[in-house]
Amino acid sequence: MKNSKKLIFASLVITFMTLTNANAQDGASKFGVKGGVNFSNLYTEDVDDNNVLTGFNVGFFAKLPISNNIALQPEISYTGKGAELVYNNALVSGTAQFKLDYIEVPLLLVVNVTKNFNIHVGPYAAYMVSAKTTNKSDSGSYNFEDNIDTDDFNKFDAGLAGGVGIDLEPVSFGVRYNYGLTKIGKEDSSTSFSSPDAKNSVLSFYAAFAF
């Protein structure tokens, strides 16, 4: 898994640098900003948790054509991941959240099925910049927000991304799913996090504006 993460990161960086230089004089290349809302979760091999955490994503992208209907789209964004647990028992009820923030770099192959509709797929790599847990009880007597030491987790995340988009130049809209392939926890860590084998799962809705 360590070798696969290194290959994904290397391919993202090398391809981005090469394509940026090669397309610098291409008038068809586009650059822009994008942002939207995330619905994230954590999953394991045995359990797919249904508790969804709502977050956000914001960043920049470049769209670099390689043919009339195909383009490569590198991005860099700040994105929130994690999970939420709604609990209700005889003693207390409320909502607990586990929040992970990443700098994420996807490299997507974009195929225009029609003039205004595309599908996109590719690898992504991400680096964890912060982690925290929050709890909000309905009674308000057990509320807290604590930062977590990111050294207790695997800071690097990598996986696959895929989605669809609608292009209404210069504005576009889309939906995308990120499927994490790396565990967020460290096997040798002393952290109290109860699911070190969990991986990231994120459904995103976004809007983008191209220059």
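Preceding this paragraph is the structure being described.
Residues numbered from 1 in each chain as written. Predicted model: local features only at pLDDT ≥ 70, side-chain atom pairs only at ≥ 80, totals over all residues. Heavy atoms only, no water.

How would you summarise the overall build of the protein if you had to cite specific residues and measurements?
When you go through the protein residue by residue, the secondary structure sums to 1 helix and 9 strands. Ordered by position in the sequence, the α and β elements of the protein form the string α-β-β-β-β-β-β-β-β-β. Across the 211 residues of the protein, 39% fall into the buried class. Summarising the internal contacts of the protein: among those between residues at least 6 apart in sequence, 65% fall at separations of at least 24. Split by element, the accessible area of the protein, about 11600 Å² in all, is 60% carbon and sulfur. (Helix = DSSP H or I, 4+ residues; strand = E, 2+ residues; numbered from the N terminus. Buried < 20%, exposed > 50% of the residue type's maximum accessible area, 1.4 Å probe, protein only. Contact = heavy atoms within 4.5 Å. Areas by Shrake-Rupley, 256 points an atom, 1.4 Å probe, with all protein chains shown as cover.)

Requested: an account of the pairing of strand β3 (residues 70-88), with residues and values cited.
Across 7 bridges, strand β2 (residues 53-65) lies against β3 in antiparallel orientation. Residue pairing in the sheet places glycine 59 in a bridge with serine 77 of β3. If you look at the hairpin formed by β2 and β3, you'll find 4 residues sitting between the two strands. With 17 bridges connecting them, β3 and strand β4 (residues 93-112) associate as antiparallel partners. When the bridges of β4 are listed, proline 74 appears paired with leucine 107. (Pairing = 2+ DSSP bridges.)

Go over the pattern of salt bridges with me, naming the residues and quoting the values.
Applying the stated criterion to the full structure yields 8 salt bridges. Ionic pairing is found between lysine 30 and glutamate 169, a salt bridge with its closest N-O pair at 2.3 Å. Here glutamate 169 lies in the loop between β7 (156-168) and β8 (171-180) and lysine 30 lies in strand β1 (residues 30-43), a separation of 139 residues in the sequence. One salt bridge in this structure joins lysine 183 and aspartate 197, with 3.5 Å as the shortest N-O distance. Here the residue lysine 183 occupies a position in the loop between β8 and β9 (199-210), and aspartate 197 occupies one in the loop between β8 and β9, the gap between them amounting to 14 residues. (Salt bridge = Lys/Arg side-chain N within 4 Å of Asp/Glu carboxyl O.)

Please set out the environment of serine 40 residue by residue, giving values where relevant.
Within the secondary structure layout, serine 40 lies in strand β1. Looking at serine 40, the relative accessible area reads 1%, which means it is buried. When the C-alpha atoms of serine 40 and tyrosine 177 are compared, they prove to be 9.6 Å apart, with 137 residues separating the residues in sequence. Here glycine 82 takes part through its backbone oxygen, which lies 3.1 Å from a polar atom of the side chain of serine 40. (Polar contact = N/O pair within 3.5 Å; in protein donor to acceptor, adjacent residues only side chain to side chain.)

So what's going on with the pairing of β7? Residues and values would help.
Where strand β5 (residues 117-137) and β7 come together, 11 bridges link them in antiparallel fashion. Residue tyrosine 124 lies in a different strand from β7, and its bridge partner there is glycine 159. The pairing of β7 with β8 spans 10 bridges and is antiparallel. The residue bridging glycine 163 from the neighbouring strand is arginine 176, located in β8.

I'd like to hear about a nonpolar patch on the surface, residue by residue, with values.
Together, Phe31, Val33, Phe60, Ile76, Ile103, Val105, Tyr127, Val129, Phe156, Phe209 and Phe211 make up a nonpolar patch on the protein surface, roughly 980 Å² of accessible area in all. Elements with a minimum of two residues in the nonpolar patch: β1, β4 and β5. Note on placement: phenylalanine 209 falls in strand β9. (Patch = residues over 30% accessible without salt bridge, like charges linked within 9 Å, V, L, I, M, F, W, Y side chains within 5 Å.)

Help me get a handle on the nonpolar core, residues and values and all.
Ranked by internal contacts, the top residues of the largest apolar core, which has 14 residues, are Leu42, Phe98, Leu100, Tyr102, Met128 and Ile184. Broken down by secondary-structure element, the contributors of at least two residues to this core are β4 and β5. (Core = buried A, V, L, I, M, F, W, Y, C linked by side-chain atoms within 4.5 Å.)

I'd love a proper account of the side chain of lysine 199, names of residues and values included.
As for its position among the elements, lysine 199 is in strand β9. In this structure, lysine 199 is in contact with Asn41, Leu42, Tyr43, Gly180, Leu181, Thr182, Lys183 and Ile184, ignoring residues within four places of it in sequence.

Please set out the packing of aromatic side chains residue by residue, giving values where relevant.
Scanning all chains against the criterion turns up 7 aromatic pairs. Between the aromatic rings of phenylalanine 98 and phenylalanine 153, the centroid separation amounts to 5.9 Å while the plane-to-plane angle is 45°, which identifies the pairing as tilted. With a gap of 55 residues between them, phenylalanine 98 in strand β4 and phenylalanine 153 in the loop between β6 (144-147) and β7 connect regions that are remote in the sequence. Phenylalanine 153 carries the same exposure label as phenylalanine 98, and that label is buried. Connected via pairs of aromatic rings, a cluster forms that spans Tyr43, Tyr177 and Tyr179. Positioned above the aromatic ring of tyrosine 206, the side-chain terminus of lysine 34 is 4.4 Å from the ring centre. The ring of tyrosine 102 is capped by lysine 81, whose NZ or CZ atom sits 4.7 Å from the centre of that ring. (Phe/Tyr/Trp six-rings, centres within 6.5 Å; stacked < 30°, edge-to-face > 60°. Lys NZ or Arg CZ within 6 Å of the ring centre and 35° of its normal.)

Treat this as a map of the structure, not an account of what it does.
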